[in-house]
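Single-letter residue listing:
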Amino acid sequence: MRHANDNDNNITHGGIKMKQPTVAVLGLGAMGHAFAANLLKNGFTVYGWNRTRARGEDLVSAGLKLEESPEQAVAGVDVVIAMLADGQITESVFKQIEMPLKQGAIVCQMGTIGTEKTDALIARFASARPDVVYIDAPVSGTKAPAENAQILILASGDKEKAQALEPVFAAISKGAQWLGEAGAGSRMKLVINSWLIGLMQSLAESTRLAEEFGFSTDDLWKVLEGGPLAAPYAKVKLGMIESGDFTPQMHLIWALKDANLALDAAKPSQLPALKNIADLWQKAVDAGYGEQDLSVIYQYLKDR
């Protein structure tokens, strides 16, 4: 069992010196790996766990204390960050760490797991571990912004009780938008991702139409650039389409998962366009495009 005094680093917050929190990162995929790396760069003591241990081994030389189980990773730490694949896995891991958590620990759930699992986990911790501060905080951003600490955190929960998160959030993001009671962050994440998915589908179709008329992706961006429709996200995705390099920033299969989470949380009649997109993207995933970036939907449309 580790103890709070394992970490002697101090930080200054509001002119007051405080002990730097120890952090466990559960899930060392693209996003969790970036979080752990940025925390280590900022001098935090970081414990990590991933189902596939190899995902975190490259950070051991930078100081990551890679553990064999989630229970070992969270024992004695001040802050737990969870960035796991889906709600079912998150629920399973949280059952394992529920009792080993130190008194008054902060659990920060940062994956996109939908409203049903989010609400169930909030209720579970409130009942089984009322001393634990549960923060629901998915992020807006993908792999590259995460690596550069440029994601936006959609935080929700008791901000006053989670002040130890401030230096943690500062190390991994460009800031946090606090949205209210725990659960609001996950709801806003579904809103944002619904917009993003719709934008990507529209961009793919518009690019295909431009090509039919003899225009290049560069021609399309030059018309958009400088105007109100010139979203930086669109420029990045047009670059991927032009190069044909769909190395994933956000996998198509995970974007489809998020679309289905939004559909599950809403009345079916509210999101007819998203339902159509989800049906199309499911066909693309079934055809073998799922492990590439979501912008590969352009290629799927072209190949059909």
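The sections below set out a description of the structure shown in this document.

### Some words on unusual backbone geometry
If you check the backbone angles, Ala-149 has positive phi at about 55° while not being a glycine. As for its position among the elements, Ala-149 is in the loop between α5 (143–147) and β10 (151–155). Assessed through its relative accessible area of 13%, Ala-149 is described here as buried.

### Here we look at helix α9 (residues 232–243)
Note: α-helices contain 3.6 residues per turn, so residues at a spacing of three or four share the same orientation. Taking 1.5 Å of rise per residue, the 12 residues of α9 would be expected to cover 16 Å, and the 17 Å separating its terminal C-alpha atoms lies within 8% of that figure. Inspection of α9 places Ala-234, Lys-237, Leu-238, Met-240 and Ile-241 among the buried residues, and these make up the whole buried set. End-on, the buried residues of α9 take up no more than an arc of 160°, which puts them together on one face. Facing away from the buried side of α9, by more than 90 degrees, are the exposed residues Pro-232, Glu-242 and Ser-243. One or two positions beyond α9, positive phi appears at Gly-244, with a value near 75°.

### A look at the environment of Ala-146
Here Ala-146 is to be found in helix α5. Discounting chain neighbours no more than four positions away, the residues touching Ala-146 are Met-31, Ala-34, Phe-35, Asn-38, Ile-151 and Ile-172.

### Points about the packing of aromatic side chains
In the structure shown here, the tally under the stated rule is five aromatic pairs. Geometrically, the ring pair formed by Phe-125 and Tyr-134 is tilted, given 5.4 Å between the ring centres and 45° between the ring planes. Both residues of the pair, Phe-125 and Tyr-134, count as buried. Residues Phe-169 and Trp-178 carry aromatic rings whose centres are separated by 6.3 Å and whose planes lie at 40° to one another, so their mutual orientation is tilted. Residue classification places Phe-169 among the buried positions, given a relative accessible area of 6%. Among the aromatic side chains, those forming a connected cluster through ring pairs are Phe-94, Phe-125 and Tyr-134.

Criteria and cut-off values
Residues numbered from 1 in each chain as written. Predicted model: local features only at pLDDT ≥ 70, side-chain atom pairs only at ≥ 80, totals over all residues. Heavy atoms only, no water. Helix = DSSP H or I, 4+ residues; strand = E, 2+ residues; numbered from the N terminus. Buried < 20%, exposed > 50% of the residue type's maximum accessible area, 1.4 Å probe, protein only. Expected span 1.5 Å × (residues − 1). Arc of directions from axis to C-beta. Contact = heavy atoms within 4.5 Å. Phe/Tyr/Trp six-rings, centres within 6.5 Å; stacked < 30°, edge-to-face > 60°.

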